[in-house]
Amino acid sequence: MNNEPKIHPWQKVLDNPWLLLVLGVLIPILSYTAWGWVELLLTKPALLP
Amino acid sequence: MCGTTGLSVCLDAQRFIKLNAVCGIVFLLLGGVAALLLALTRWQTVHLLPVDWFYRLLTFHGINMLILWILFFEVAILTFTCTTPLNARLFSRKIAWASFGMMLTGAVMVDYIILAGQADVMMTSYLPLLAHPLFYLGIILVAVGTLIGVFNFFATLYVAKRDRAYEGSLPIVTFGALAAAIIAVVTLLHGAVVMIPTFTYAMGWTAQPDPAWYRLIWWGLGHQSQQVNVCAMVAVWYLLSHITVGARPINEAVCRTAFVLYVLFINLASAHHLLVDPGVGAAWKIWNTSYAMYLAVLASMVHGFTVPAGVELAMREKGYTRGIFGWVTALPWKNPAFSGTALSLVIFGFLGGITGVTLGTQQINIIAHNTLRIPGHFHVTVVGGTTLAFMALAYYVIPLIFQRDFICRGVARVQPWLFGFGIVLLAFGMSFAGTMGVPRRSWDIDAQGVYGPAAHLWLGVLGIGGILAFTGLLLFALLCVGTLFFGPKIEGRAMADWGTPPALAGSQPGSLANDHYATKGTIVLTLTFLACFAVYYFANWKALADVWPVR
Ligand code: HEM
């Protein structure tokens, strides 16, 4: 019989610094940096008047 | 083992906490002297500095305050939180030396080259402005050194878990520091990506990076580093509210979830610096500065509720139950660690939070961008919030780590009030002058001949606030340095008590744990906060509508 107290899945996420590290690095790099970078790459140079 | 707290202190960690904290305070003082001179120049009637020294010291102030003071003190906090609360040893002394050595060398290089007049580019160093290569190299060294310090933090957590130095979850203060460390990784990666090609360009080895790209990546460093501060500051709130009044988070899982929201979403907020940049589109701007970012704002509101609610609960359980706010009058307002925490929370939440969310709205940003309203906002977040919280922490950490009691304790009790009041005045002066269109980073506004007496009056308020805040900052530095040399030695006895509210007769700890109405005072404060938010938000949209009235 397993007497270990059951840990809520969300608590497991909270107790996993490595998962938080990966998500914490990935989300801003995708949403802010990569997306912004792509937008800049796609910007066409302005035509001279 | 510390004779005062009974906590075990790793001696290596203790050394690096000392070194980093002392360096941080020295840079704070240097940046503070520059701050006074800047404030006395922006006070147009005084207009102290000549033009070249204004921009030189503006660069010096930004770098010393925002980067050096904060990063050194944060490394001290990370070193403390991954060892003492976990009963763990620092992972590696050599890595800690490497980190500290790189940071200090980089810091001295940057400060030297700025004062030598070779880097009048302000802390943002936007291309095509170009500084001496040592400026960029110095910043790279500081960033990489900090990253190495953060690595030591993670390695210490790993070893502590592996060796079962602690059981169960991380303590909340270490969890907050973990969130700060994760954000620091993203921040410092951006720092490396933007500074290395700029350095090679300054050396003449590569072509100039694109200025729009530079701004995008630089703000991944410049703003995200502020989110490291926010996390570290909130962790300090939890720690100090516990030490000074015995508060506990009212719900651990909710508080931790709020930290996770920071980790996942707060970094997107950097986009608000590019709200008037043409290169990035509206969808990118709106997604990053509102929808996603509001999840991080929610986190701040959670902390802004749970910290005072924890304090209220602790006070009521100690027997201070009179009315809605009876517990507030019994709080230890003369304890500088408590008053610093409370002021930091109010200044950050009421002034910093409300102005930040409003200014981060794309439409409103258009009328505020590059005006003095922006420094008005961040002096109540990173100064009135973070800096004041870190100062408050020093009132316990210095006796703990250096084993000396503070000198001039009466002065110490006044210091957070003076600094907090000065900063609020400074920020009001900046914000109202900015509302009248006064630009930031401008040596002289009279040349335009468009600013009337009201703008000049607010610039005077800025100047007076600056003098008061500088006096508060100077007192803090003198108290800390004086304590290191002349503070009475503790040696085994308990540190002198700053004052904590005693439990009244008949009170019972934990008695209100299940009472959902026990935090009524905090609920009233929260409603007041929301009302202030609504009024400020409305006033800004009204101001925006006045820019192009439709009749
Ligand atoms: C005694 C306290 C302080 C005073 C009187 C003060 C005053 C000032 C003034 C007058 C400016 C120039 C605003 C402009 O013309 O655009 C400024 C800018 C700035 N301050 Fe402070 N400040 C103080 C503390 C701090 C601290 C503790 C920090 C950071 C932790 C900080 C961060 C900054 C930054 C980042 C800038 C903008 C620099 C730039 O535009 O490049 N200040 N401050």
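Residues numbered from 1 in each chain as written. Chains lettered and ligands numbered in written order. Predicted model: local features only at pLDDT ≥ 70, side-chain atom pairs only at ≥ 80, totals over all residues. Heavy atoms only, no water.

Regarding the overall build of chain B
Assigned secondary structure in chain B consists of 17 helices and zero strands. Over its C-alpha atoms chain B spans a radius of gyration of 23 Å, differing by no more than 12% from the 24 Å that the globule rule assigns to 551 residues. Its C-alpha atoms give chain B principal-axis dimensions of roughly 65 × 60 × 45 Å. In chain B, which comprises 551 residues, the proportion classed as buried is 59%. Across chain B, contacts joining residues at least 24 apart in sequence account for 84% of those joining residues at least 6 apart. Only carbon and sulfur atoms are counted for the fraction: they give 71% of the accessible area of chain B, which is about 21,200 Å². Of the charged side chains in chain B, 29 are positive and 19 negative, and the gap between their average positions amounts to 5 Å. (Helix = DSSP H or I, 4+ residues; strand = E, 2+ residues; numbered from the N terminus. Rg over C-alpha atoms; globule rule 2.2 N^0.38 Å. Buried < 20%, exposed > 50% of the residue type's maximum accessible area, 1.4 Å probe, protein only. Contact = heavy atoms within 4.5 Å. Areas by Shrake-Rupley, 256 points an atom, 1.4 Å probe, with all protein chains shown as cover. Lys, Arg positive; Asp, Glu negative; His and termini not counted. Charge placed at Lys NZ, Arg CZ, Asp CG, Glu CD.)

A look at the overall build of chain A
Helices and strands together make up the secondary structure of chain A, namely two helices and zero strands. With the principal axes as the frame, chain A shows a C-alpha extent of 80 × 15 × 10 Å.

Focus on the interface of chain A and chain B
Where the parts come together, the accessible area they lose is often given as the size of the interface. The partner chain B presents 35 residues to the 23 residues of chain A that form the contact. Surface buried jointly by chain A and chain B totals about 2,600 Å² across both partners, of which 75% is contributed by carbon and sulfur atoms. Per-residue buried area on chain A facing chain B is highest for Leu14(A), Tyr32(A) and Leu40(A); these three make up 27% of the total on that side. Where chain A packs against chain B, one counts zero salt bridges. At the junction of chain A with chain B, the criterion picks out 10 residue pairs in polar contact (both at pLDDT 80 or more). Residue assignment for the side of chain A that touches chain B shows that the elements contributing at least two residues are helix 1 (9–14) and helix 2 (17–42) of chain A. Taken together, the residues of the side of chain A that touches chain B break down into 15 nonpolar, six polar and two charged. (Buried area = accessible area lost by both parts, 1.4 Å probe. Salt bridge = Lys/Arg side-chain N within 4 Å of Asp/Glu carboxyl O. Polar contact = N/O pair within 3.5 Å; in protein donor to acceptor, adjacent residues only side chain to side chain. Nonpolar A, V, L, I, M, F, W, Y, C, P; charged D, E, K, R; others polar.)

Let's talk about the packing of helix 2 of chain A against helix 5 (residues 172–202) of chain B
Across the interface, helix 2 of chain A lies against helix 5 of chain B with an axial gap of 10 Å and an inter-helix angle of 40°. Comparing their axes, helix 5 of chain B and helix 2 of chain A come out oblique. Here the hand of the crossing between helix 2 of chain A and helix 5 of chain B comes out right-handed. On the side of helix 2 of chain A, the interface is formed by Pro17(A), Leu20(A), Leu21(A), Gly24(A), Val25(A), Pro28(A), Ile29(A), Tyr32(A) and Thr33(A), while helix 5 of chain B contributes Phe175(B), Leu178(B), Ile182(B), Val185(B), Val186(B) and His190(B). Residue composition of the contact of helix 2 of chain A with helix 5 of chain B, by class: 12 nonpolar, three polar and no charged. (Axes fitted to C-alpha atoms, helices over the stretch in contact; angles between N-to-C directions. Parallel < 35°, antiparallel > 145°, perpendicular 65-115°, else oblique. Left-handed = near helix turned anticlockwise from the far one by under 90°.)

Regarding helix 9 (residues 282–291) of chain B
Each α-helix winds once per 3.6 residues, and so residues spaced three or four apart point in a common direction. Among the residues making up helix 9 of chain B, those that are buried are Trp284(B), Lys285(B), Asn288(B), Thr289(B) and Ser290(B). Where helix 9 of chain B is buried, its residues touch helix 2 of chain A together with helix 6 (211–222), helix 10 (293–317) and helix 13 (362–368) of chain B.

Some words on the coordination of the iron atom of the ligand
Residue and element names in this part refer to chain B. Bound to the iron atom of the ligand are the protein donor atoms His61 (NE2) and His379 (NE2), situated 2.0 to 2.1 Å from the metal. Around the iron atom of the ligand sit six donor atoms, and with donor-metal-donor angles ranging over 86 to 179° the site reads as octahedral. Remark: His379 occurs in helix 14 (residues 373–402) and His61 occurs in helix 2 (residues 51–81); sequence separation between them is 318 residues. Like His379, His61 is buried. (Donors = N, O, S within 2.8 Å, 3.2 Å for Na, K, Ca; no water. Tetrahedral: all angles 85-135°; square planar, octahedral: opposite > 155°, others 65-115°.)

Considering unusual backbone geometry
All names here are of chain B. The linkage connecting Leu127 with the following residue, Pro128, adopts the cis geometry, with an omega of 10°. Within the secondary structure, Pro128 sits in the loop between helix 3 (93–115) and helix 4 (133–162). Although it is not a glycine, Gln403 sits at a positive phi angle of roughly 55°. Position of Gln403 among the secondary structure elements: in the loop between helix 14 and helix 15 (409–435). Residue class for Gln403 comes out partly exposed when judged on its relative accessible area of 22%. Positive phi, normally seen in glycine, also occurs at Arg441, with a value near 50°. Here Arg441 is to be found in the loop between helix 15 and helix 16 (453–486). By relative accessible area, which is 23% here, Arg441 ends up partly exposed.

Some details on the environment of Gly356(B)
Residue and element names in this part refer to chain B. As for its position among the elements, Gly356 is in helix 12 (residues 336–359). Owing to a relative accessible area of 22%, Gly356 belongs among the partly exposed residues under this scheme. Sequence separation between Gly356 and Val380 is 24 residues, and the spatial gap between their C-alpha atoms is 9.8 Å.

What about the site of the ligand?
Residue and element names in this part refer to chain B. The immediate surroundings of the ligand are formed by 26 residues, with Arg42, His61, His379, Arg440 and Arg441 found nearest. Contact between the ligand and Arg42: an oxygen atom at 2.8 Å from a side-chain N or O atom of the residue. For the shell around the ligand, the secondary structure elements donating two or more residues are helix 1 (11–42), helix 2, helix 14, helix 15 and helix 16. (Near = heavy atom within 4 Å.)

A look at the side chain of His303(B)
Residue and element names in this part refer to chain B. If you trace the backbone, His303 turns up in helix 10. Among the polar contacts made by the side chain of His303, one reaches the side chain of Tyr238 at a distance of 2.8 Å. Not counting chain neighbours up to four residues away, the residues in contact with His303 comprise Val234, Tyr238, Cys255, Ala258, Phe259, Tyr262 and Pro308.

Overview of the confidence of the model for chain B
On average, chain B scores 93 in pLDDT, and the residues at 70 or more come to 99%. Across the whole predicted complex the pTM is 0.94, and at the interface the ipTM reaches 0.91. (pLDDT = per-residue confidence, 0-100.)

Topic: helix 5 of chain B
All names here are of chain B. The end-to-end C-alpha distance of helix 5, which contains 31 residues, comes to 44 Å, matching closely the 45 Å that a straight helix rising 1.5 Å per residue would cover. Most of helix 5 is tucked away, with 26 of its 31 residues classed as buried. Trailing helix 5 by a residue or two, Gly204 shows a phi angle of about 85°, which is positive. (Expected span 1.5 Å × (residues − 1).)

Observations regarding the packing of aromatic side chains
Residues and elements named next belong to chain B. All told, the structure shown has 34 aromatic pairs over all chains when counted by the stated rule. Taken together, a centroid distance of 6.1 Å and an interplanar angle of 90° make the contact between Phe533 and Tyr537 edge-to-face. Linking Phe533 with Tyr537, this pair stays in helix 17 (residues 520–547), spanning four residues, or about one helical turn. Residue Phe533 is classed as buried on the basis of its relative accessible area of 15%. Seen in terms of ring centroids, Tyr537 and Trp541 are 6.2 Å apart; in terms of plane orientation they differ by 65°. Their pairing is edge-to-face. Taken together, the residues Tyr537 and Trp541, both in helix 17 and four residues apart, mark about one turn of the helix. Accessibility expressed as a relative area gives 26% for Tyr537, which makes it partly exposed. Given the relative accessible area of 31%, Trp541 is considered partly exposed. Taken together, the ring pairs connect Phe16, Phe27, Phe72, Trp97 and Phe100 into an aromatic cluster. Directly above the ring of Tyr126 sits Arg215, whose terminal nitrogen or CZ lies 4.6 Å from the centroid. Positioned above the aromatic ring of Phe175 is the side chain of Arg256, whose terminal nitrogen or guanidinium carbon lies 5.2 Å from the ring centre. (Phe/Tyr/Trp six-rings, centres within 6.5 Å; stacked < 30°, edge-to-face > 60°. Lys NZ or Arg CZ within 6 Å of the ring centre and 35° of its normal.)

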